[in-house]
Amino acid sequence: KCGNSLSSGINAEYGDPPGCTDIDDALHFRKLGNGNAEVGVHIADLSYFVRPGSALDLEAQKRGTSVYLCDKRIDMVPDVLSSNLCSLRSNEDRLAFSAIFEMTPDGQIVNRKFCKTVIRSVASLTYAEAQILIDDKNRVDPLSEGLRGLNELAKKLKQQRIEAGALTLASPEVRFHIDSETHDPIGIETKELKETNSMIEEFMLLANCEVARYIEKAFPQCAVLRRHPSPPLSNFDLLVNAAAVKGVKVSCSSNRELAYSLEHADVPGDPFFNILLRIVSTRCMMQAVYFCSGMLPEEEYFHYGLAVPCYTHFTSPIRRYPDLLVHRLLAASVGYDKTYTELLDRNKVHEWCENLNYRHHQAQLVQRSSIALHTQLYFKEKCLDEDAYILFVRRNAIVVLVRRYGLESTIFLKSDKQSNVEFNYEEEKCKLTIGKVTLQMFDRVIVQISVEDCSIQHRKLRMKLVNPIIPGVSVEPIYVTLGKDEHLPKPDSLKPS
């Protein structure tokens, strides 16, 4: 057994803004006398409080996941659990389910154990706060040194995953600053990822992979796992064609080949091209899903994006019901708890997984709707010109991404005023020519952002093309429309070089 106490831990607010209260996970780092390191991944032990078949369990099972909106959180379990009793807050004793690894300096695991623990974390840090401690070389306290040790191991783990074929994709994410009194958005920005984001992610992935292998071996017919099917090659046709136009070759014969292509895709003078290519790659993927191990052959367990043969979710039981099921399976496999009839019934587990996949998808749709609503509220009395990139080209439209805000929108290009203008759409070249103007995937353009206020029920964000100029479609830049007395900042593309 691991014992019932760990002397120190480092809380990591995994993927949450400052002020997060439902803290699922904590890490600890300790150097060993043989030159190796002990790393602990400690996860909130919700299974202690939520017993199988209880009213709490049945409600959590129905909900399947917590839902994160821009201005609030809809919990899967009551707030007294998610934000208090189970939350791994600093300087308080908390129950945890721990995965403890002995690792060599190059990131190889030489020993592992899973056990129930009581931990008292010494610090609760945001990603930014942890990054400051790592970067300040004058700090040599145990907390800062532990963070640096974790960070170095995380880099080794990430390199191993990349070499195995794991994909590093991209998806624009936005964060709103909400007025505390009116609850209206007063600021919007894309989420900035720091080195510490990757550090936490690597150890969460490590724990998930190790737990998946353990429970699948212990319960081969009823383990709750997560798979990411390989996309059909035809899904990548658009990606390959678009990259080829820019002189970049992308190979999609395997996840390893795709990862290598993305890592080396570069267009001189366009540092954002690689990110755009990764965003488009994300759209080519299949949806990852939960499944019961007894319902599929072992070769279909594979997770394409992570390049691992067996994967699950263990690290967020406060937020995700699958993780709670995994905790119960792991507790039974290491002798901390007993199984129950439904947990060993593969048909029942399959039924749970189907509901969890549905609930996860519905939560994503709600989160996107919340972002769309708050985006409209932020821009409702604004009209701005911004730099954007063309993500996709359609027969009569372009889909653009505004990098500054992480916003995506479709701009339709045909109008009655253009009856004599010739449209030439070349699908294989990802190109649309309108008269003398050519629009191509990944080209930089200028768009005007405003909210169309035709009716309150149908109010929506609208983008219009400013540059390049297409007669009948493009609009005047906002600083020209308002006149010279309005000293609005110009988009970078309109500023003199």
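Residues numbered from 1 in each chain as written. Predicted model: local features only at pLDDT ≥ 70, side-chain atom pairs only at ≥ 80, totals over all residues. Heavy atoms only, no water.

## Concerning the overall build of the protein chain
This is how it is decided: The helix and strand labels rest on DSSP assignments: H or I over at least four residues marks a helix, E over at least two residues marks a strand, and numbering proceeds from the N terminus. The reference for a compact globule is 2.2 Å times residues^0.38; the radius of gyration itself is calculated from the C-alpha atoms. Relative accessible area decides the class of each residue, using a 1.4 Å probe on protein chains only: under 20% of the type maximum gives buried, over 50% gives exposed, and in between gives partly exposed. All accessibility values rest on the Shrake-Rupley procedure with a 1.4 Å probe; residue burial counts only the protein chains present in the view. In this tally, Lys and Arg are treated as positive and Asp and Glu as negative; His is ignored, and so are the chain termini. Charge positions come from single atoms, namely NZ of Lys, CZ of Arg, CG of Asp or CD of Glu.
Across its full length, the protein chain holds 11 helices and 20 strands. What you see for the protein chain is a C-alpha radius of gyration of 25 Å, in line with the 23 Å of a compact globule of 497 residues. If one aligns the C-alpha atoms of the protein chain with their principal axes, the spans along those axes are about 80 × 50 × 50 Å. For the protein chain, with 497 residues in total, the buried portion stands at 49%. Total accessible area computed for the protein chain in this model is approximately 24300 Å², and 49% of it derives from carbon and sulfur atoms. Between the mean site of the 60 positive side-chain charges and the mean site of the 65 negative ones, the protein chain shows a separation of 1 Å.

## Considerations on the sheet that holds strand β17 (residues 431-434)
The condition that has to hold: Strand pairing follows a simple DSSP-based rule, namely that at least 2 bridges must link the two strands. Here an axis means a line fitted to C-alpha atoms, over the contact stretch when the element is a helix, while the angle between two N-to-C directions is reported on a 0 to 180 degree scale.
If you trace the three strands from one edge of the open sheet to the other, you get β16-β17-β18, paired in antiparallel fashion. The sheet is open, and its two edges are formed by β16 (423-426) and β18 (437-440), each paired on a single side. Averaged over all neighbouring strand pairs, the angle between strand axes comes to 15°, with direction disregarded. Relative to β17, β16 is paired through four bridges, and the arrangement is antiparallel. Each residue of the ladder has a partner; that of Tyr-425, found in β17, is Leu-432.

## What about the confidence of the model for the protein chain?
The predicted coordinates should not be examined in detail at positions where pLDDT is low. Selection criterion: The predictor attaches a confidence to each residue, and that confidence, scored 0 to 100, is pLDDT. Any two residues having at least one pair of non-hydrogen atoms within 4.5 Å are treated as being in contact.
On average, residues of the protein chain score 89 in pLDDT, and 90% of them are at 70 or above. A low-confidence stretch, residues 3-17 (pLDDT under 50), is modelled with 68 contacts involving residues beyond four sequence positions or located in other chains.

## Re helix α6 (residues 237-245)
Counted only if it meets this: The arc under discussion is defined with respect to the helix axis, by the directions toward the C-beta atoms.
Every buried residue of α6 is accounted for by Leu-239, Ala-242 and Ala-243. Down the axis of α6, the buried set is contained in an arc of 100°. They therefore lie on one face. Those residues of α6 that are buried are in contact with α7 (255-263) and α8 (273-283). Following α6 by one or two positions, Gly-247 adopts a phi angle in the positive range, close to 80°.

## Quick notes on the side chain of Thr-65
Relative to the helices and strands, Thr-65 resides in the loop between α1 (55-63) and β4 (67-68). Under the relative-accessibility criterion, Thr-65 is labelled buried at 13%. When residues no more than four places from it in sequence are discounted, the contact partners of Thr-65 are Met-76, Arg-319, Arg-320, Arg-359 and Ala-363.

## Overview of the side chain of Glu-216
Filter applied, for reference: One side-chain nitrogen of Lys or Arg within 4 Å of one carboxyl oxygen of Asp or Glu is enough to make a salt bridge.
Among the secondary structure elements, Glu-216 is positioned in helix α5 (residues 195-218). Summary of buried charges: Glu-216 has no salt-bridge partner, and the nearest side chain of opposite charge, Lys-217, is 8.9 Å away. Residues contacting Glu-216, with those up to four places away along its chain left out, are Ala-223, Leu-225, Tyr-301 and Cys-310.

## A closer look at empty space enclosed by the protein
Applied cut-off: Using a grid of 1 Å spacing that covers the protein atoms alone, one calls a set of points a cavity when a 1.4 Å probe fits there but cannot get out, and a pocket when the set is open and has protein on both sides within 12 Å along at least five of seven lines; lining residues are those with an atom within 4 Å of a point. Grid points are joined across faces, edges and corners, and a volume is the space filled by probe spheres set on the points. Charged means Asp, Glu, Lys or Arg here, nonpolar means Ala, Val, Leu, Ile, Met, Phe, Trp, Tyr, Cys or Pro, and polar covers whatever is left, Gly included.
Going through the model one piece at a time under the given rule, you end up with four cavities of 30 Å³ or more. Lining the second largest cavity are Gly-64, Thr-65, Tyr-290, Arg-320, Pro-322, Leu-356, Arg-359 and His-360. Grouping the constituent residues of the lining of the second largest cavity by class yields three nonpolar, three polar and two charged.

## What to know about the packing of α1 against helix α9 (residues 321-333)
Which entries qualify depends on this criterion: Should an angle fall under 35 degrees it is called roughly parallel, over 145 degrees roughly antiparallel, and 65 to 115 degrees roughly perpendicular, with every other angle called oblique.
Between α1 and α9, the least distance of the axes is 9 Å, while the angle of their chain directions is 130°. Classed by the angle they form, the pair α1 and α9 counts as oblique. The segment α1 lies against α9, with Asp-57, Ala-60 and Gln-61 engaging Tyr-321, Leu-324 and Arg-328.

## Considering the environment of Ser-254
Position of Ser-254 among the secondary structure elements: in the loop between α6 and α7. Exposure remark for Ser-254: the relative accessible area of 27% places this residue in the partly exposed category. Separated by 193 residues in sequence, Ser-254 and Val-447 have C-alpha atoms that sit 37 Å apart.

## Examining α5
To keep things clear, this is the line we draw: Between the first and last residue of a helix there are one fewer steps than residues, each counted as 1.5 Å, and that sum is the expected span.
With 24 residues, α5 should cover 34 Å at 1.5 Å per step; its first-to-last C-alpha distance of 35 Å lies within 8% of that length. Most of α5 is tucked away: 18 of the 24 residues are buried.

## Things to note about the pattern of salt bridges
Per the stated rule, a full pass over the model turns up 33 salt bridges. Across the pair Arg-30 and Glu-38 runs a salt bridge, and its minimum N-O distance is 3.1 Å. According to the relative accessible area criterion, Arg-30 is partly exposed, its value standing at 43%. With its nearest N and O atoms 3.6 Å apart, the salt bridge here joins Glu-173 to Lys-191.

## Section: the packing of aromatic side chains
Where we set the bar: Pairing of aromatic side chains here covers Phe, Tyr and the six-membered ring of Trp, requires ring centres within 6.5 Å, and sorts the geometry by plane angle: under 30 degrees stacked, over 60 edge-to-face, intermediate tilted.
A full pass over the atoms with the stated rule returns nine aromatic pairs. When the ring of Phe-273 is compared with that of Phe-442, the centres are 5.2 Å apart and the planes differ by 90°; the resulting orientation is edge-to-face. Remark: Phe-442 occurs in the loop between β18 and β19 (444-452) and Phe-273 occurs in helix α8; sequence separation between them is 169 residues. A centroid spacing of 4.9 Å and a plane angle of 85° characterise the contact between Tyr-378 and Phe-379, whose relative ring orientation is edge-to-face. Comparing Tyr-378 with Phe-379, the two get one shared label, buried.

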